[in-house]
Amino acid sequence: IAVAGNMIVDMLYPIAGIPKPGELTTITEDASKSIGGCLCNDIVDLAKLDPQMPLVAVGRTGDDDSGKYIMEKLQEHKNIDLSHVQVTGVSSFTLVMADESSKQRTFYHCRGGNAALCEEDFDWDKLDVDMLHIGYILLLDTLDEDDAEYGTKMAKLLHTAQAKGIKTSIDVVSEASDRFAKKVCPALKYTDYCVINEV
C-alpha cells in the first residue's frame, strides 16, 4: 500500500474556550506535538496493524526541524519505505486549538511543502503497490488545480493509478467552502474506496 498526501506536524493547545474576535482565552496546559495529516496518520496506523505489511510513503516534508521530526517518527516503523518522500523547503504544520468546554477543535494550518505535491512526485516505475490511498483533497493545492480533461490534477493522478491496476482510495479535509463539488467530484470517478474524514 502506498499512502500519499499531507505530512504535518500538529501542535495541540488545550484552551478554556474559543474566544470571540478581540477577546482572550487561556491555554490551560503545555502544548503537545505529534505528526498528523493523511499520510502520517494512516501509514502509521497500517504499520502498527501489520508490522510485516510493506508500506510506501509518497509526499513532501520540509528541510527543517519539523521535517526531521516527521521523518524520525515514520522511521520508527521498519516496514515504511520513505524513499519516495521529498525533503525540501518548509514543513506543513497545524496549530490545533482544543476547546476543553465544547470538546471541539479548531485548526490553523500552514500548507508548507504539501502544497507542491504533484503528479511528477509519483514514480510509477518504482511504485510496486496494489493500492494508493491519498488525502487530503482540498488541502493539496497543486493536485487540486484544474485539469482540462479530468477535472482536477488529483483526478488525473487517480486515473493513472487505476490504469496501472492500482486500487485507489481518497480522503477529504473538512472545510467551510463551496469547493467540494468542483474539487472532490472529479476524483470520485477514479476512486475505488472513498473514506471521508468529514463532518
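Before any of the text, the structure's been laid out above.
Predicted, not measured: the structure shown is a model, and the values here were computed from it.

One open sheet accounts for four strands, arranged S3-S2-S6-S7; its pairing is mixed. On the outer flanks of this sheet lie strand S3 (32-36) and strand S7 (105-110), each paired with one strand and no other. The average angle at which neighbouring strand axes cross in this sheet is 25°, direction not considered. Pairing of strand S2 (residues 8-15) with S3 involves five bridges; the strand directions are antiparallel. Opposite valine 9, over in S3, you have isoleucine 35 as the bridge partner. Running over the sheet, helix H1 (residues 37-49) touches S2 and S3 and is turned about 85° from S3. Each of S2 and S3 is contacted by helix H2 (residues 65-75), which is oriented at about 70° to S3, the strand it contacts most.

With that settled, consider the environment of isoleucine 1. Here isoleucine 1 is to be found in the segment before strand S1 (2-5). Each C-alpha atom, one on isoleucine 1 and one on proline 21, is 44 Å from the other, the two residues being 20 residues apart in sequence. Not counting residues within four places of it along the chain, the set of residues in contact with isoleucine 1 comprises Leu46, Met53, Pro54, Leu55, Val56, Val129 and Met131.

Here the focus is the sheet that holds strand S11 (residues 167-172). Strand order in this open sheet of six strands is S5-S4-S1-S8-S11-S12, and the pairing throughout is parallel. Looking at the sheet topology across the chains shown, the edges are occupied by strand S5 (80-87) and strand S12 (193-194). Where strand S8 (residues 131-137) lies against S11, five bridges are found, and the strand directions are parallel. Following the sheet pairing, histidine 133 is matched in S11 by serine 169. H2 contacts strand S4 (55-61) and S5 of the sheet and is inclined by roughly 170° relative to S5.

Quick notes on the rules
Residues numbered from 1 in each chain as written. Predicted model: local features only at pLDDT ≥ 70, side-chain atom pairs only at ≥ 80, totals over all residues. Heavy atoms only, no water. Pairing = 2+ DSSP bridges. Helix = DSSP H or I, 4+ residues; strand = E, 2+ residues; numbered from the N terminus. Axes fitted to C-alpha atoms, helices over the stretch in contact; angles between N-to-C directions. Contact = heavy atoms within 4.5 Å.

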